[in-house]
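Residue-level structural notes
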Amino acid sequence: MQYTAKKPFNSVVILKEGEFRYRFQEDHIFKDIRYNQITKVKVHTDLFRRYFAYFLAPFMVISQLGVGFAVGFDWIVLLNILVWLLLMVVYLRSKKVYTVQIIKGPLTADIYATHQLKEAKMIQKAIESHC
């Protein structure tokens, strides 16, 4: 069974009998992993987007509002507030990236990336069923 991600990830996972092959993003060489080496399979999303959209951008908007109340709402302060609000909206509206990550002992490897959680969970279940 073979899974091929759509652009921009170009990830490929080929499940075979005793092992699977994968190529993640821009790698041109396939790597092989045996199922008995795998201890855990996880699906995770990009954490930078979560931290930026939920913590950093609102903090910066609130701090710019505080600066505006302290020194007056100059056009620079209003422009900073507008830019941080725009960045927060862009990050909240952009698609999430779900990455299938395998853990084999102390090492981890990202093997597949997609915009669809359903596809990532399907690959996770397929790998776990072979382990």
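Before going into details, it helps to say that this report is about the structure given with it. Small disclaimer: the values here were computed from a predicted structure and weren't measured.

Details of the overall build of the protein
In terms of helices and strands, the protein carries three helices and seven strands. For the protein, the C-alpha radius of gyration of 21 Å lies well beyond 14 Å, the compact-globule estimate for 131 residues. Relative to its 131 residues, the protein shows a buried fraction of 34%. A separation threshold of at least 6 residues defines the contact pool for the protein, and within that pool the share at least 24 residues apart is 51%. Looking at the protein as shown, the accessible area adds up to about 8600 Å², and 62% of this sits on carbon and sulfur atoms. The average position of the 18 basic charges and that of the 10 acidic charges among the side chains of the protein differ by 5 Å.

Points about the nonpolar core
Among the nonpolar cores identified, the biggest contains 24 residues, and Leu-15, Phe-20, Tyr-22, Ile-111, Tyr-112 and Ile-127 are the most heavily contacted of them. Those elements that place two or more of their residues in this core are β2 (12-15), β3 (19-23), β6 (98-104), β7 (107-114) and α3 (117-130). Judged by nonpolar contacts, the second largest core, of seven residues, contains Phe-52, Val-61, Val-77 and Trp-84.

Topic: the packing of aromatic side chains
Given two aromatic rings, one states the distance between the centres and the angle between the planes to describe the pair. Across all of its chains, the model carries four aromatic pairs by this definition. Seen from their ring centres, Phe-69 and Phe-73 are 5.1 Å apart, and the 80 degrees between their planes marks the pair as edge-to-face. Phe-69 gets classed as exposed once you look at its relative accessible area, which sits at 66%.

Cut-offs applied
- Residues numbered from 1 in each chain as written.
- Predicted model: local features only at pLDDT ≥ 70, side-chain atom pairs only at ≥ 80, totals over all residues.
- Heavy atoms only, no water.
- Helix = DSSP H or I, 4+ residues; strand = E, 2+ residues; numbered from the N terminus.
- Rg over C-alpha atoms; globule rule 2.2 N^0.38 Å.
- Buried < 20%, exposed > 50% of the residue type's maximum accessible area, 1.4 Å probe, protein only.
- Contact = heavy atoms within 4.5 Å.
- Areas by Shrake-Rupley, 256 points an atom, 1.4 Å probe, with all protein chains shown as cover.
- Lys, Arg positive; Asp, Glu negative; His and termini not counted.
- Charge placed at Lys NZ, Arg CZ, Asp CG, Glu CD.
- Core = buried A, V, L, I, M, F, W, Y, C linked by side-chain atoms within 4.5 Å.
- Phe/Tyr/Trp six-rings, centres within 6.5 Å; stacked < 30°, edge-to-face > 60°.

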